[in-house]
Amino acid sequence: MERNSNDVRGLLSRMPDNTAFKQQRLPAWRSHLTAWAVLPGFFTTGAFFLGMGILLILSAKSVKEIEITYTSMCSNCAKLRENASNFYKECTCSVPFFIPEKMPGNVYMYYKLHNFYQNLRRYTISRNNRQLLGEDITNVENCAPFQRDSNGIPIAPCGAIANSMFNDTILLSYYPHSSTRINVPLLSSGITWWTDKHIKFQNPRSNNLPSAFTGTTKPPYWRKPVYQLDPENPENNGFLNNDFIVWMRVAALPTFKKLYRRIHRTGPFANGLPAGNYSFDIAYNFPVTVFKGEKGVVLSTVTWSGGSNLFLGIAYLTTGAVMWLAAFSMTAVHLKMKKRNIVSES
Amino acid sequence: LSGGLSSSLNEEFCLDDNNRIHTSKYNVLTFLPINLFEQFQRVANAYFLFLLILQLIPEISSLSWFTTIVPLVLVLTITAVKDATDDYFRHKSDNQVNNRLSEVLINGRLQSEKWMNVMAGDIIKLENNQFVAADLLLLSSSEPHGLCYIETAELDGETNLKVRHALPVTSELGTDISRLAKFDGVVACEPPNNKLDKFTGDLSWKDNKYPLNNEKIILRGCVLRNTSWCFGMVIFAGPDTKLMQNSGKTKFKRTSIDRLMNTLVLWIFGFLVCMGIILAIGNSIWEHQVGDYFRAFLFQDEVVKNSIFSGFLTFWSYIIILNTVVPISLYVSVEVIRLGHSYFINWDRKMYYSKKETLAEARTTTLNEELGQIEYVFSDKTGTLTQNIMTFNKCSINGKTYGKLFSPLKKIFPLLFSYNKFQFYDHSLVESIKLGDPKVHEFFRLLALCHTVMPEEKNEGKLIYQVQSPDEGALVTAARNFGFIFKSRTPETITVEEMGKVVTYQLLAFLDFNNIRKRMSVIGTNDTFEFGGEGLRTLAIAYRDLNEEYFKEWFKLLEEANREFDKRDECIAAAYEEIEKDMMLLGATAIEDKLQDGVIETIASLSLANIKIWVLTGDKQETAMNIGYSCNMLTDDMNEVFIISGHSAAEVWEELKKAKEILFGRSTGFTNGYAFCEKLQELKRGSTVEESVTGDYALIINGHSLGHALEANLQSEFLEIACICKTVICCRVTPLQKAQVVELVKEYRKAVTLAIGDGANDISMIKSAHIGVGISGQEGMQAVLASDYSFAQFRYLQRLLLVHGRWSYFRMCKFLCYFFYKNFAFTLVHFWFGFFCGFSAQTVYDQWFITLFNIVYTSLPILAMGIFDQDVSEQNSMDYPNLYRPGQLNLLFNKSKFFICIAHGVYTSFALFFIPYGVFYNLAGEDGKHIADYQSFAVTIATSLVIVVSVQIALDTSYWTVINHVFIWGSVATYFSILFTMHSDGIFDVFPNQFPFVGNARHSLTQKNIWLVILLTTVVSVMPVIAFRFIKVDLYPTLSDQARPLKSHRRQPRRTSSRRSGYAFAHQEGYGELITSGKNMRVKNLHPTSGLGKTMYNSTSWIENLCKKTTDTVNSFSLDRTVKL
């Protein structure tokens, strides 16, 4: 008897389980491309893309943007900077320009570099985030070739990125009349990412910033040490200097613009920049002609879709159009084939 | 060859190894080094090791070491765990074997000793049913003449018993321990080898030399049967034994997809090198034009390097970055998918045979997708197509026919007998027996007498018949059921219980069956009357009354014939002919070997799937043809059935020529048989000729003709004709020929072949075909052990191929397409980016993303698709065998498909890079802050990529189970959660240099235009795919597209021809010689306890006789002894 019951159990255990999983009968939805799903899908998506494309183009068109490349305008300075021996010589350059239309709302000032490869592999890795956290400012690991100066003193901030920081000063002046000149108030705050300013970059903990950086030296291309970057605002110094933080977020492509200043909306500029004559007063420090680069300034308003880039709008419009075209041809093919099938079946 | 071993008991100078065996590869200490060494011998792993080394060179390293080491370690670990488990089980079995006990003669006493301690030169005592511990020289045994019986199933798969003789001088030693202990013979023999059927050596003992051959040797792995004890001296121990010398040489089968995959990986590798070269040249140019100045600016006073050298370094850097086009996880994923498919086969209840509790089993887990590409099936007949259960269901006695075939129209209740569930559908026969019809009695008496069955009385008085062939058993069992019970036999007598009365017959002569006479006779007497009879086991039963004088005269003749030296066989045959004449025909029997259930339907269905089925059988032509008709492979409305049965090459050539003329008409002509090279070339090129031939043809060829047809000058003609024919049946073929036919088709048709069989004689063809299937049936497990797949019934083949095979192939192809697409889309973005980053080998993505993309973000959805996907339901794949065609034509994954996948991947990578590029060119955030930085760019492209490939896998998945949902949605969710984790403040605080992307995800992914980029990229990448697929379904619908919407309905295959049943015939010599010689009879009073273990017959002697007597065997194939019905 006992053996028998064992046998029964044995038999049950040998028989594969009748589960949906093991028998490959899991309840499932079989997907296939039916005309009822594909064609309406194409038409609606196409319509959405067309609409979005128009919207994006309109929005990009609404952006007021002025770009001035000043390398050639300041050719004297550019020449001067090509020679490294003139490192400490000042060179200023004034670039007048005209804003034909009022730039309403918030206006942002960017500097733009052409042919500057911030994305070179060896360049992008030449930094030390631990040092920039202010925890261990003598940590210059990974910063080759700018780890230490010739005396062996660690560089702070170390690395090629920091060393090559953009160091032109650009001031904007407004000329309501040919004789009157108003300096446009510029804000250097609010130009960084919150996470960069509050997490990624920290000054060494100390009451006195210069003493916190003792034992380190400035990068070779810098004129001033890192704790004297902004003489006007003591808070905007050290690793927390806004321009420094912006520079350290390396650009993806060799032509890029970085936010430099925001127009402070006070006085005559409460509603943006009025149309009229302006000029940039540039302290030309950053050499670009040595590597066949160019630099410029951009003044721009923004909308919900960002800057004045038409690419996205055009791409959406094109994609939408192509989808409609495809949808129409697919419908035609489908109807024709259906007809033929019906004919052949009957 | 001598000198391999000289051993003697007293001197103990022998090979120093003991009997311990190691099949395991590792131990705890050696596992890691050896396993790693083995793994790095694989090209893929070695390649990644190479990459790892490259990454450690700082000048080149463009990726952190962890991007390669994480996947590599994962892959190595998975494989190592698998190897370790396998080895653990080998250790376990080794230990079990090594610790088996055996009785060894030590210091004049028998002692139990572990197998591993047995040394060459030891004398071992074996008992009945024990496994043999080492290769032994048989010294003496319990049986007369020093005979002993062994079963060699573990060695060569043959279940029949074999006889071994001890030398007369040693058999005298008997069981005398003291004399055995003094035995000091020296054996000189050949060195250890793997030839199971050969042994040469000699024994020097007491100043005499005795030659030794295989007959004196018992090999390790055999089992002693029907012999209560025997003594043997160990000649070879442990790894020197023939069993061990034979092991571990299994041929490794690879699928065609495997081979294609390897080629493609090489191509991809070439492609990778090309990309590297392009980028390196680009780098040299860039350095020359721009980089020199720019670098001088960036890195100040750095020594300006040669731009060519910079290009060289860049090449290696790009090889590292772009290495993901050669996907390391490919091989592991493929293995996982195949394993999944194998489990589905094992779990399939529809391939479970409840009567025998047999599961279908995927014994090899690496061949599944090949099951979806089979073009030729080579099937054994007996036991594969038929049940190999012989039933006695018709007889004709004295002109009256008894027994009807079961007819479904008229329900006839079968006679039920107490034994063996025997059924017979005719009551009148029982009536005749009761009435005492003498002819009927004579008929059954004859059946009970004329055979070679051995009876065995089990406890409780149960009578078991040990039969050599199932049909013989069927006849004796039938006689027993009708009241003529064969009780026992001695060399001189046969005892039969006739209708309750026990009668003992004197056995005077036994004329065993052979293939020339095709009959067998027993001449016997009892007290009352002389009796002579002849039983043609085939069908007819006849008898002859002999008077004593005639018999004595004839017997003298026979004895003379036996003494004859030169023409002994002829004389004996003549003597047999003399007495086997003037017989009275009593009647005839019909033994049926029934077809298995569902064979007809399966064959019909497989034919519809364009799978050609060739039957290769050891049976004779008539039987094979009958089976062919009964399973509809041959039909009455066939245009022509070619029968090739010529005895010489010329005849075969003539017959083939005729067949060809009928097929093609005379115009085509026939090559002279020596221009075969061109012919084979043609065959290789394709099947253009076949298309021109219409109509159904069948080819039947027998063994000796096949021998000629397989010769080099005829094989092309044979193959050509055979491939045109709808049905090919090869009968009376040897196991070797079976394998040769398979090889021929494999080689010249470049087709995927499957061999299915159940017996030891099918092993060679099972091993040589791409896929071997074993039927776990009547003939033991040998075929199963050699097979790749096994199940209990032929009909499961339909499900294995049409459902499991088709799905496996379909899934694997989809998997590969997607896998290559995915990796190209992923990797080529770096290539495009190279043109915008000064070819500096800068990666587009975060390094962690590169590490995790293949193994975390995208691995599970593709595995789920590879394991669970179904294009059509199983019912549809069974109902529409045409759906199998794409696999045979290799349509779903081939080189052009591969290029399409690659092109798709390249296109996607293009969209993935250039759309964000266009947008980022002059981009500002909504708050005016710049967002066109490298990190945002990386996150945007990575997110787009994950979404695009997820949408793509969603499109490719045609069968959305819960698991697919979980994996696909889960992967996207995992991506985002890992992304946010790695970009979080916490992890940055701990590892600021490893996770520099802090805050990036939350900043970028809250920007509207980033999402617009992702949406655009996704639509642009996926839309063309949908459009193309939709149009393709409309314009060129595949079969599965058409089958999908159809409601499944069962179609009954039509039966085109009248059903014939397959009657089986025995055609093999029995073991009458052994019976009459009495050699295998136990002398009762000597060993009253020993019972018959198993079927016993002297296979060696009948095989010898067979070889001597049969003239019709072209290849006297003495190695493959098993000749099966």
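Residues numbered from 1 in each chain as written. Chains lettered and ligands numbered in written order. Predicted model: local features only at pLDDT ≥ 70, side-chain atom pairs only at ≥ 80, totals over all residues. Heavy atoms only, no water.

- Labelled according to an unreviewed UniProt entry, chain B appears under the name Phospholipid-transporting ATPase, originating from Monodelphis domestica.
- Regarding chain B, the relevant UniProt record gives this comment under Catalytic activity (unreviewed entry): "ATP + H2O + phospholipidSide 1 = ADP + phosphate + phospholipidSide 2."
- Reading the Sequence similarities (unreviewed entry) entry of the UniProt record for chain B gives the comment "Belongs to the cation transport ATPase (P-type) (TC 3.A.3) family. Type IV subfamily." (UniProt positions renumbered as here; feature names shortened; annotations may be inferred.)

Observations concerning the sheet that holds strand E8 (residues 186-187) of chain A
Residue and element names in this part refer to chain A.
Thinking step 1. Spatial strand order, E2-E12-E5-E9-E8: five strands in an open sheet with antiparallel pairing. Each of the sheet's edge strands pairs with one partner strand only, and the pair in question is strand E2 (65-69) and E8.
Thinking step 2. Bridging between strand E5 (residues 108-114) and strand E12 (residues 294-300) involves seven bridges; their strand directions are antiparallel. Along E12, the bridge assignment pairs tyrosine 108 with serine 300. (Pairing = 2+ DSSP bridges. Helix = DSSP H or I, 4+ residues; strand = E, 2+ residues; numbered from the N terminus.)

Here we look at the domain arrangement of chain B
All names here are of chain B.
Thinking step 1. Segmenting chain B into domains produces domain 1 (1-99), domain 2 (100-247), domain 3 (259-326), domain 4 (352-384 + 594-663 + 694-802), domain 5 (386-593) and domain 6 (803-1036).
Thinking step 2. For domain 1 versus domain 6, the distance between C-alpha centres works out to 37 Å.
Thinking step 3. With eight residues of domain 1 at the interface, the matching set in domain 6 holds seven residues.
Thinking step 4. Summed over both partners, the interface of domain 1 with domain 6 comes to about 690 Å²; 76% of that surface belongs to carbon and sulfur atoms.
Thinking step 5. Ranking the residues of domain 1 by area buried against domain 6 places Ser62, Leu63 and Phe66 at the top, with a combined share of 53%.
Thinking step 6. Linking domain 1 with domain 6 are zero residue pairs in polar contact (both at pLDDT 80 or more), by the criterion used here.
Thinking step 7. Residue composition of the side of domain 1 that touches domain 6, by class: five nonpolar, three polar and no charged. (Domains from an automatic or database assignment. Contact = heavy atoms within 4.5 Å. Buried area = accessible area lost by both parts, 1.4 Å probe. Polar contact = N/O pair within 3.5 Å; in protein donor to acceptor, adjacent residues only side chain to side chain. Nonpolar A, V, L, I, M, F, W, Y, C, P; charged D, E, K, R; others polar.)

Regarding the pairing of strand E33 (residues 752-757) of chain B
Every regular strand shows the same layout, with side chains that alternate between the two sheet faces.
Residues and elements named next belong to chain B.
Thinking step 1. Of all six residues in E33, six are buried, a share of seventy percent or more.
Thinking step 2. Here E33 shows a buried face lined by Val752, Leu754 and Ile756 and a second buried face lined by Thr753, Ala755 and Gly757.
Thinking step 3. When strand E15 (residues 374-379) meets E33, the two strands line up parallel, connected through five bridges. Counterpart to phenylalanine 378 in the pairing with E33 is alanine 755.
Thinking step 4. Judged from the four bridges that link them, E33 and strand E34 (residues 771-775) form a sheet pairing that is parallel. In the sheet register, isoleucine 756 faces E34, and the bridge partner there is valine 773.
Thinking step 5. Handedness of the crossover joining E33 and E34 through helix H24 (residues 763-768): right-handed. (Buried < 20%, exposed > 50% of the residue type's maximum accessible area, 1.4 Å probe, protein only. Right-handed = clockwise from strand over helix to strand, strands pointing away.)

Quick word on the UniProt feature "binding site: Mg(2+)" (unreviewed entry) in chain B
Residue and element names in this part refer to chain B.
Thinking step 1. UniProt records the feature "binding site: Mg(2+)" (unreviewed entry) for Asp380, Thr382, Asp758 and Asp762 in the present numbering. On the basis of their most widely separated C-alpha atoms, the annotated residues across 383 residues gather in one place, lying no more than 10.8 Å apart.
Thinking step 2. Tracing the chain through its elements places aspartate 758 in the loop between E33 and H24.
Thinking step 3. Since its relative accessible area comes to 0%, aspartate 758 is described here as buried.
Thinking step 4. If you trace the backbone, aspartate 762 turns up in the loop between E33 and H24.
Thinking step 5. Within polar-contact distance, the side chain of aspartate 762 engages the side chain of lysine 738 at 2.6 Å.

Considering the sheet that holds strand E29 (residues 612-616) of chain B
Residues and elements named next belong to chain B.
Thinking step 1. Read from one edge to the other, the open sheet built from nine strands follows the order E14-E35-E34-E33-E15-E29-E32-E31-E30, with strand pairing classed as mixed. Two strands close off the open sheet at either side, each with one partner strand: strand E14 (361-362) and strand E30 (640-644).
Thinking step 2. Sheet topology places E14 next to strand E35 (residues 789-791); two bridges connect them, and they run antiparallel. Opposite glutamate 361, over in E35, you have serine 790 as the bridge partner.
Thinking step 3. Packed onto the sheet, helix H18 (residues 649-664) meets E30 and strand E31 (697-702) and runs at close to 165 degrees relative to E30.
Thinking step 4. Its contacts with the sheet place helix H22 (residues 715-724) against E15, E29, E31 and strand E32 (727-731), and it is angled at close to 120 degrees to E29. (Axes fitted to C-alpha atoms, helices over the stretch in contact; angles between N-to-C directions.)

Topic: the side chain of Ser31(A)
Thinking step 1. Along the chain, Ser31(A) falls in the loop between strand E1 (29-30) and helix H2 (35-61).
Thinking step 2. On the basis of relative accessibility, which here comes to 14%, the residue Ser31(A) falls in the buried class.
Thinking step 3. Within polar-contact distance, the side chain of Ser31(A) engages the backbone oxygen of Thr957(B) at 2.8 Å.
Thinking step 4. Not counting residues up to four positions away in its chain, the partners in contact with Ser31(A) are Thr957(B), Ser958(B) and Trp960(B).

Some details on the pattern of salt bridges
Any two side chains of opposite charge can pair, given that their charged atoms come close.
Thinking step 1. A full pass over the atoms with the stated rule returns 31 salt bridges over all chains.
Thinking step 2. When the shortest N-O distance is used, the salt bridge between Arg223(A) and Glu90(A) registers 3.9 Å. Here Glu90(A) lies in the loop between helix H3 (75-82) and strand E3 (92-99) and Arg223(A) lies in the loop between helix H8 (209-212) and helix H9 (242-248), a separation of 133 residues in the sequence.
Thinking step 3. Among the charged side chains, a network of salt bridges with common partners joins Asp258(B), Glu335(B), Arg338(B) and Glu369(B). (Salt bridge = Lys/Arg side-chain N within 4 Å of Asp/Glu carboxyl O.)

Some points on a nonpolar patch on the surface
Thinking step 1. Together, Leu266(B), Trp267(B) and Phe899(B) line one region of the surface with nonpolar side chains, adding up to about 330 Å² of accessible area.
Thinking step 2. When you line up the elements, Leu266(B) lands in helix H8 (residues 256-298). (Patch = residues over 30% accessible without salt bridge, like charges linked within 9 Å, V, L, I, M, F, W, Y side chains within 5 Å. Areas by Shrake-Rupley, 256 points an atom, 1.4 Å probe, with all protein chains shown as cover.)

Structural notes on the environment of Asn151(A)
Residue and element names in this part refer to chain A.
Thinking step 1. Mapped onto the fold, asparagine 151 is located in the loop between helix H5 (129-132) and helix H6 (160-163).
Thinking step 2. Accessibility expressed as a relative area gives 63% for asparagine 151, which makes it exposed.
Thinking step 3. Sequence spacing of asparagine 151 and threonine 217 is 66 residues, and the spatial spacing of their C-alpha atoms is 9.9 Å.

Overview of the packing of aromatic side chains
All names here are of chain B.
Thinking step 1. For the structure on display, the rule yields 99 aromatic pairs over all chains.
Thinking step 2. Look at tyrosine 47 and phenylalanine 48: their rings are 4.8 Å apart centre to centre, the planes differ by 70 degrees, and that puts the pair in the edge-to-face class. With respect to class, tyrosine 47 is no different from phenylalanine 48; both count as buried.
Thinking step 3. Seen in terms of ring centroids, phenylalanine 849 and phenylalanine 853 are 5.5 Å apart; in terms of plane orientation they differ by 40 degrees. Their pairing is tilted. (Phe/Tyr/Trp six-rings, centres within 6.5 Å; stacked < 30°, edge-to-face > 60°.)

A few points about the UniProt feature "active site" (unreviewed entry) in chain B
All names here are of chain B.
Thinking step 1. Here, UniProt's "active site" (unreviewed entry) annotation points to Asp380.
Thinking step 2. Tracing the chain through its elements places aspartate 380 in the loop between E15 and strand E16 (386-397).
Thinking step 3. A polar contact of 3.3 Å, which involves the side chain of aspartate 380, links it to the side chain of threonine 384.

What to know about the side chain of Asn236(A)
Residue and element names in this part refer to chain A.
Thinking step 1. With respect to the helices, strands and loops of the structure, asparagine 236 is situated in the loop between H8 and H9.
Thinking step 2. Using a relative accessible area of 3% as the deciding quantity, one classes asparagine 236 as buried.
Thinking step 3. A distance of 2.9 Å separates a polar atom in the side chain of asparagine 236 from a polar atom in the side chain of aspartate 230.
Thinking step 4. Apart from residues lying up to four places away in sequence, asparagine 236 is in contact with Ser188, Lys197, Asp230, Asn241 and Asn242.

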